[in-house]
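Residue strings, one per chain:
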Amino acid sequence: MTEAQTDTAVKCVRCRQPVEKPIYRNIIDQAFDPVRRKKYVRTQNLPFCSEEHYSHEQMSREG
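Residues numbered from 1 in each chain as written. Predicted model: local features only at pLDDT ≥ 70, side-chain atom pairs only at ≥ 80, totals over all residues. Heavy atoms only, no water.

*Asks:* So what about the overall build of the chain? Which residues, and what values?
*Replies:* In terms of regular secondary structure, the chain is built from 2 helices and 4 strands. Moving toward the C terminus, one meets the helices and strands of the chain in the order α-β-β-β-β-α. By the burial criterion, 21% of the 63 residues in the chain qualify as buried. Of the contacts made within the chain by residues no fewer than 6 positions apart, 43% connect residues no fewer than 24 positions apart. (Helix = DSSP H or I, 4+ residues; strand = E, 2+ residues; numbered from the N terminus. Buried < 20%, exposed > 50% of the residue type's maximum accessible area, 1.4 Å probe, protein only. Contact = heavy atoms within 4.5 Å.)

*Asks:* Tell me what's going on with the packing of aromatic side chains, and back it up with residues and numbers.
*Replies:* The description of two aromatic rings rests on the distance between their centres and on the angle between their planes. Applying the stated criterion across every chain, the model contains 1 aromatic pair. Residues F48 and Y54 carry aromatic rings whose centres are separated by 5.9 Å and whose planes lie at 65 degrees to one another, so their mutual orientation is edge-to-face. For F48, a relative accessible area of 0% gives the class buried. (Phe/Tyr/Trp six-rings, centres within 6.5 Å; stacked < 30°, edge-to-face > 60°.)

Structural data, given as structure tokens:
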């Protein structure tokens, strides 16, 4: 594997392992806007290696 392939490999958000065929899912959580000093709902489309890691990441962000 060359460096170019390593840099462009997609990694799972949860386990940080390279994934050949990532599963992209929307994660919904709350973020803080420092300019307006208010919370807002944020949606991110992130790559995961499995549905299990997606559900665990969503639950961890819900608090």
